[in-house]
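These are the residues of each chain, in order.
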Amino acid sequence: MCLAIPGKIIEIDAHNAQQAMVDVVGVRRKVDLGLLAEESIRPGDWVLIHVGFAMSKISEAEAADQMRTLMILGESAAALEEVEGYGLENEYPPSEYPASKSRGLVS
Amino acid sequence: MKYVDEFRAPELISKAGEEIRRLADPKHHYRIMEVCGGHTHAIYRFGLKDLLPENVELIHGPGCPVCVLPMGRIDDGLSLTANPEFIFAAFGDMMRVPGTHGSPLEYKARGMDVRIVYSPADALKLARLNPQKHVVFFAIGFETTAPSTALTIIRARAEGLPNFSVFCNHVTIIPAIRAILDSPDMRLDGFVGPGHVSTVIGCRPYEWIAKDQGKPVVVSGFEPLDILQSIVMLLRQLRGGQAIVENQYKRVVPWEGNPAALRAMAEVFELRPYFEWRGLGFISQSALKIRSAYGEWDSEQRFTVPGVRVTDPKAAQCGEVLKGVLKPSQCKLFGRECTPEQPVGALMVSSEGSCAAHYNYSQHRPITIDAAASL
Amino acid sequence: MATTAPKIKFREPQIEMAHGAGGKASRRLVEGLFAPLLFAGAQGPLSDAAHIQINGTRIAMTTDSFVVSPLRFPGGSIGELAINGTVNDLAVSGARAEAIVVTFVLEAGLPTDILEAEVRAMGQAAEAAGVRIAGGDTKVVEHGKADRMYITTTGVGRLLPGVAISPESVQPGDKILLSGAIGDHGITILLARGELDIEAEIRSDTRSVFPLVQSIVRAAGGGIRWMRDPTRGGVATSLNELARDCGRGIVLSEEKIPVRDAVRGACELLGLDPLHIANEGQFLAVVSADQADAALEALRRAPGGAEAVIIGEVRDEPAGSVLVTTLYGGSRLVDMLVGDPLPRIC
């Protein structure tokens, strides 16, 4: 329902710390930092932009973490298959599968 | 593009697709609702349905602010353009949405002063640049957009700008989800939660869906890998008989949301007792209005609007589609009387409405019928 | 047919902006009102240029009106568009522009230096394209009755030997060639209007595509089935028209379609699809599979053709539609553009 995309802060207005220039692959636009009052935003930071306002500071660490999770999707699947090979799967219909067991399998 | 391209990586997308197929129990038909129209758009835009097994069905939810806006509100907003001293400013999304006497774009073609703005801040700028005119900003959107409007109003008051006001149509997502879950003919397995709304409200407001309704919720980003990963997370919960709120979009969404944005909203807005949603009817406490302290910047408090009510044609089955009871193509009007160019119902008016998305991007639309109708 | 009353299917009460925007509404107007009343005897689908026979000689003829705001923008201006647009319409019909006549509609009060700059731009564009300006007409309307200046150009051209193009000749297996990166012009204009407050290093791609057309005609003349310059409505609209006219499916590979960073960034920011954005210096060609590589090779060697690519092919299905496929196996239909591209926030 809301189009928002990542942009990189390239400059903060010297006269108004709530105004900054962002860059989206070579496209530049002024954005309002007023909704990120709690964060300290510096040039080089990435923010999520919606209707000309920065909505959120993007976390590089979380993005990297997500990438790692995505990369091992396949591998963890293989590991799961091994576990499933023990026939645990068939003991419970999917809807009744014990939560504790699933957590152990998934993470 | 950083934070975009890596989440469109083909090999990881294939892997995620495989994982979904592996996790989906072939004996179960999964019905997962993506609440947000942005997700609907992305699902069609990236052709993600092609990557899902037959038994994982995505139901398109109510999160399209353009779609759910009743036609009467558009008529009311446009009624202000009759005054030649007024500039009507709105997002591009609104421009082709038909009112009873035409869309904002048609009003513009007839000589009314209608402007497309990218940001509420741009509408404020228009007011500064045109002190002899009054700028009405026709605000739409869920909690993602409402804080920007709020901050713009706060700025207008700080500047003492008298020639700017907001015609407020901001709505809130939780009551709409509740309305859908309360619907008796509804059967859903879980929700792909609206990532960008959640940058503002955080993840806690969805907890009742998991706790009281027993449905898992995964707050999701908008790139193909985000959406697929969220489906993986939902299927894992379902497999494990779990129902919790998870945050897939951690790089952007803090669990607690954005306190500064929430403060700006609370400062400027209060809940309306009820508001009409196209396709869903009246929902109590589902929309925002401007507090009287900011009444000078509220078009509705400052000017008289006719208060038009327009009911959708009975034949349009928007409500059923919105609740996931019918697929877009199962509506009697789909692709025939109701097309993106001449929408009859709510969900055809915006490209993120489920009917328009289905019409524009899906292979299953009745192409021959459309071709015949347009000649 | 000639004796029956023309069948007018256009029933809309008044003309809206969308009727001139090159999408479905334009098509309804042309096919529902103009065609039955003006060219009832015409055979086949309507194209940008007509081929007519005079005393045994076949010539190509086309006309186009140019209405653009702002008049000047990075990389070009209305004057250059007025020449290149007509040269290109002739080129993609398989003809070399020989002569152009010009009509100016000017708003009283237009500063002479603005007019002079555009006339100079036209002269330079005509020289670059090797076309003669053979005559013209000027009308001045009252202040407020036009937006500064409109230019109409009408061109005649000589058909290149060995080319016979028509949508009906398009066959499954044929390849779709694109001359270069898309969306530069439309995004340049959108940003140059200044309303969106967005800046980018981007220029209109306005140019004559005739040298490129000539290069593929030389290399693969008989194998060229269809050509079009994807102006308003972009590549998606041109290819949808082709799909409808030939009754076949057009299948594109998304990753092959060249889009510059700035166009991509602007499209992501504004929620637009580059396939719907206007171009003024690119063309599409459908070439038979056996000649496609030769055509591509020739295009890439020609000046300004280095970015040319094969972006897809013609298939039986989805008949009448354009399908875009992705590297990871997703696909979507791409429709014609309804009206002008408008920025989205949701």
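Model, not experiment: these values are computed from the prediction.

**Thoughts on the overall build of chain A**
For step 1, the next point in the chain: If you tally the helices and strands in chain A, you get three helices and five strands.
For step 2, the next point in the chain: Secondary structure elements of chain A, listed N to C terminal, follow the sequence β-β-β-β-β-α-α-α.
For step 3, the next point in the chain: Counting only residues that meet the buried cut, chain A has 42% of its 107 residues in that class.
For step 4, the next point in the chain: Summarising the internal contacts of chain A: among those between residues at least 6 apart in sequence, 31% fall at separations of at least 24.
For step 5, the next point in the chain: By element, 52% of the accessible surface of chain A is carried by carbon and sulfur atoms, the whole surface being about 5300 Å².

**A word on the environment of A:Leu48**
For step 1, the next point in the chain: Its location among the elements puts A:Leu48 in strand β4 (residues 46-50).
For step 2, the next point in the chain: Along the sequence, A:Leu48 and A:Gly7 sit 41 residues apart, while their C-alpha atoms lie 6.3 Å from each other.
For step 3, the next point in the chain: Not counting chain neighbours up to four residues away, the residues in contact with A:Leu48 comprise A:Ala4, A:Ile5, A:Pro6, A:Phe53, A:Ala54, A:Met55, A:Ser56, A:Ile58, B:His196, B:Thr199, B:Tyr249 and B:Val252.

**A look at the state of the cysteines**
Residues and elements named next belong to chain B.
For step 1, the next point in the chain: Scanning all chains against the criterion turns up one disulfide over all chains.
For step 2, the next point in the chain: Of all cysteine sulfurs in the structure, the one in Cys36 sits closest to Cys203, which takes part in no disulfide; the separation is 14 Å.
For step 3, the next point in the chain: You can see Cys338 has no disulfide; the closest cysteine sulfur is in Cys355, sitting 6.4 Å from it.
For step 4, the next point in the chain: A relative accessible area of 9% means that Cys338 is categorised as buried.

**Structural notes on the interface of chain B and chain C**
For step 1, the next point in the chain: On the chain C side, the residues contacting the 46 residues of chain B number 38 residues.
For step 2, the next point in the chain: The interface formed by chain B and chain C includes four salt bridges.
For step 3, the next point in the chain: The residue B:Asp5 makes a salt bridge to C:Arg264 at a minimum N-O spacing of 2.7 Å.
For step 4, the next point in the chain: The tally of links from chain B across to chain C stands at 10 residue pairs in polar contact (both at pLDDT 80 or more).
For step 5, the next point in the chain: Sorting the residues of the side of chain B that touches chain C by element identifies α1 (10-23), α2 (37-45), α4 (104-109), α5 (120-129), α14 (354-361) and α15 (367-374) of chain B as the ones contributing at least two each.
For step 6, the next point in the chain: No other element matches α15(B), which puts four residues into the side of chain B that touches chain C.
For step 7, the next point in the chain: Grouping the amino acids of the side of chain B that touches chain C by side-chain chemistry returns 23 nonpolar, nine polar and 14 charged.

**Some words on the packing of aromatic side chains**
All names here are of chain B.
For step 1, the next point in the chain: Taken as a whole and assessed by the stated rule, the structure comprises nine aromatic pairs over all chains.
For step 2, the next point in the chain: With a centroid separation of 5.4 Å and an interplanar angle of 80°, the aromatic rings of Phe91 and Phe137 are classed as edge-to-face. On the criterion of sequence distance, the pair formed by Phe91 in the loop between β3 (86-90) and α4 and Phe137 in strand β5 (residues 134-139) is long-range, its members being 46 residues apart. Considered together, Phe91 and Phe137 belong to a single accessibility category, that of buried residues.

**Structural notes on the confidence of the model for chain A**
All names here are of chain A.
For step 1, the next point in the chain: Taken over all residues, the pLDDT of chain A has a mean of 79, while the share at 70 or more is 68%.
For step 2, the next point in the chain: Within chain A, the element-level pLDDT minimum falls on helix α3 (residues 99-106), averaging 34, and the maximum on β4, averaging 98.
For step 3, the next point in the chain: Counting interchain partners and residues more than four positions distant, the pLDDT-below-50 stretch residues 87-107 has 31 contacts.

**Some points on the domain arrangement of chain C**
Residue and element names in this part refer to chain C.
For step 1, the next point in the chain: The assigned domain composition of chain C is domain 1 (1-40), domain 2 (48-159) and domain 3 (167-334).
For step 2, the next point in the chain: Inter-centroid distance (C-alpha atoms) of domain 1 to domain 3 is 27 Å.
For step 3, the next point in the chain: Taken over both partners, the interface formed by domain 1 and domain 3 buries close to 450 Å², and the fraction arising from carbon and sulfur atoms is 36%.
For step 4, the next point in the chain: Taken together, the links from domain 1 to domain 3 amount to one salt bridge.
For step 5, the next point in the chain: At the junction of domain 1 and domain 3, the tally comes to two residue pairs in polar contact (both at pLDDT 80 or more).

**Topic: the pattern of salt bridges**
For step 1, the next point in the chain: Enumeration according to the criterion identifies 49 salt bridges over all chains in this entry.
For step 2, the next point in the chain: The partner of B:Arg263 in a salt bridge is A:Glu38, with the nearest N and O atoms 2.8 Å apart. You can see B:Arg263 sitting in helix α11 (residues 259-268) and its partner A:Glu38 sitting in the loop between β3 (27-32) and β4, one on each of two chains.
For step 3, the next point in the chain: A relative accessible area of 49% places A:Glu38 in the partly exposed class.
For step 4, the next point in the chain: Among the salt bridges present, the one from B:Asp113 reaches B:Lys133, with a minimum N-O distance of 3.2 Å. Of this pair, B:Asp113 sits in the loop between α4 and β4 (114-116) while B:Lys133 sits in the loop between α5 and β5, and the two are 20 residues apart along the sequence.
For step 5, the next point in the chain: Accessibility expressed as a relative area gives 18% for B:Asp113, which makes it buried.

**Observations regarding the nonpolar core**
If you look at soluble globular proteins, the nonpolar side chains tend to sit buried side by side.
For step 1, the next point in the chain: In this structure, B:Phe164 and B:Tyr206 are the most contacted members of the largest nonpolar core, which totals 149 residues.
For step 2, the next point in the chain: Setting aside residues no more than four positions away along its own chain, B:Tyr206 makes contact with B:Ile174, B:Ile177, B:Pro194, B:Val197, B:Ser198, B:Ile201, B:Val217, B:Val219 and B:Val245.
For step 3, the next point in the chain: Ranked by size, the runner-up nonpolar core spans 50 residues in total, among them C:Ala60, C:Ala82, C:Ala129 and C:Met149.

**Some details on the interface of chain B and chain A**
For step 1, the next point in the chain: Contact with chain B, which involves 60 residues of that partner, is made by 52 residues of chain A.
For step 2, the next point in the chain: With both sides pooled, the region where chain B packs onto chain A buries about 4500 Å², and carbon together with sulfur makes up 60% of that total.
For step 3, the next point in the chain: A per-residue breakdown of the area chain B buries against chain A is headed by B:Tyr3, B:Arg22 and B:Arg239, which together make up 14% of the total.
For step 4, the next point in the chain: There are four salt bridges connecting chain B and chain A.

**Considerations on the sheet that holds strand β15 (residues 331-334) of chain C**
All names here are of chain C.
For step 1, the next point in the chain: Here we have seven strands laid out as an open sheet, ordered β10-β12-β8-β13-β11-β14-β15, and mixed in their pairing. Two strands bound the open sheet, and with one partner strand each, they are β10 (224-228) and β15. The sheet shows a mean angle of 25° between the axes of neighbouring strands, taken without regard to direction.
For step 2, the next point in the chain: The pairing of strand β11 (residues 249-253) with strand β13 (residues 309-315) spans four bridges and is antiparallel.

**A short note on unusual backbone geometry**
Residue and element names in this part refer to chain C.
For step 1, the next point in the chain: Across the junction of Ser69 and Pro70, the peptide omega takes the value 0°, indicating a cis bond.
For step 2, the next point in the chain: Among the secondary structure elements, Pro70 is positioned in the loop between β2 (57-66) and β3 (72-73).
For step 3, the next point in the chain: In this structure, the amide linkage connecting Glu317 to the following residue, Pro318, adopts the cis form with an omega of -5°.
For step 4, the next point in the chain: By secondary structure assignment, the location of Pro318 is in the loop between β13 and β14 (322-325).

**Let's talk about the pairing of β4(A)**
Residues and elements named next belong to chain A.
For step 1, the next point in the chain: With five of its five residues buried, β4 lies for the most part within the structure.
For step 2, the next point in the chain: Every second residue of β4 is oriented toward a common face, with Trp46, Leu48 and His50 on one face and Val47 and Ile49 on the other, all of them buried.
For step 3, the next point in the chain: Pairing between strand β1 (residues 5-12) and β4: four bridges, direction antiparallel. Of the residues in β4, the one forming a bridge with Gly7 is Val47.
For step 4, the next point in the chain: Here four bridges tie β4 to strand β5 (residues 53-57), and the two strands are oriented antiparallel to one another.

**Thoughts on the packing of α1(B) against helix α10 (residues 224-239) of chain B**
When two helices pack together, their arrangement is given by the angle between the helix axes and by the axis-to-axis distance.
All names here are of chain B.
For step 1, the next point in the chain: Contact geometry of α1 with α10 gives a least axis separation of 9 Å together with a crossing angle of 20°. Taken as axis vectors, α1 and α10 run roughly parallel relative to one another. Considering only the axes of α1 and α10, their crossing is left-handed. Contact residues: Leu12, Ile13, Ala16, Glu19, Ile20, Arg22 and Leu23 in α1; Pro224, Leu225, Leu228, Ile231, Val232, Leu235, Arg236 and Arg239 in α10.
For step 2, the next point in the chain: When its residues are assigned to classes, the contact of α1 with α10 shows 11 nonpolar, no polar and four charged.

**Regarding the side chain of C:Asp174**
Residues and elements named next belong to chain C.
For step 1, the next point in the chain: Turning to its location among the elements, Asp174 is positioned in the loop between β7 (149-159) and β8 (175-178).
For step 2, the next point in the chain: Within the local environment of Asp174, its side chain forms a polar contact with the backbone nitrogen of Gln171, the two atoms lying 2.8 Å apart.
For step 3, the next point in the chain: One polar contact links Asp174 to Arg225, side chain to side chain, over a distance of 2.8 Å.
For step 4, the next point in the chain: Every residue in contact with Asp174, bar those within four places of it in the chain, is listed here: Ser169, Arg225, Val286, Val287, Ser288, Ala289, Gly312, Glu313 and Val314.

**Re helix α1 (residues 24-38) of chain C**
All names here are of chain C.
For step 1, the next point in the chain: Helix length check: α1 (15 residues) gives 20 Å between terminal C-alpha atoms against 21 Å at 1.5 Å per residue, within 8%.
For step 2, the next point in the chain: The largest bend in α1 is about 30°, located at Val30.
For step 3, the next point in the chain: Listed as buried for α1 are Lys24, Ala25, Ser26, Arg27, Arg28, Leu29, Gly32, Ala35 and Pro36.

Reading the values: the criteria
- Residues numbered from 1 in each chain as written.
- Chains lettered and ligands numbered in written order.
- Predicted model: local features only at pLDDT ≥ 70, side-chain atom pairs only at ≥ 80, totals over all residues.
- Heavy atoms only, no water.
- Helix = DSSP H or I, 4+ residues; strand = E, 2+ residues; numbered from the N terminus.
- Buried < 20%, exposed > 50% of the residue type's maximum accessible area, 1.4 Å probe, protein only.
- Contact = heavy atoms within 4.5 Å.
- Areas by Shrake-Rupley, 256 points an atom, 1.4 Å probe, with all protein chains shown as cover.
- Disulfide = S-S within 2.5 Å.
- Salt bridge = Lys/Arg side-chain N within 4 Å of Asp/Glu carboxyl O.
- Polar contact = N/O pair within 3.5 Å; in protein donor to acceptor, adjacent residues only side chain to side chain.
- Nonpolar A, V, L, I, M, F, W, Y, C, P; charged D, E, K, R; others polar.
- Phe/Tyr/Trp six-rings, centres within 6.5 Å; stacked < 30°, edge-to-face > 60°.
- pLDDT = per-residue confidence, 0-100.
- Domains from an automatic or database assignment.
- Buried area = accessible area lost by both parts, 1.4 Å probe.
- Core = buried A, V, L, I, M, F, W, Y, C linked by side-chain atoms within 4.5 Å.
- Pairing = 2+ DSSP bridges.
- Axes fitted to C-alpha atoms, helices over the stretch in contact; angles between N-to-C directions.
- Parallel < 35°, antiparallel > 145°, perpendicular 65-115°, else oblique.
- Left-handed = near helix turned anticlockwise from the far one by under 90°.
- Expected span 1.5 Å × (residues − 1).
- Bend = angle between axes of the 7 residues up to and from the residue.

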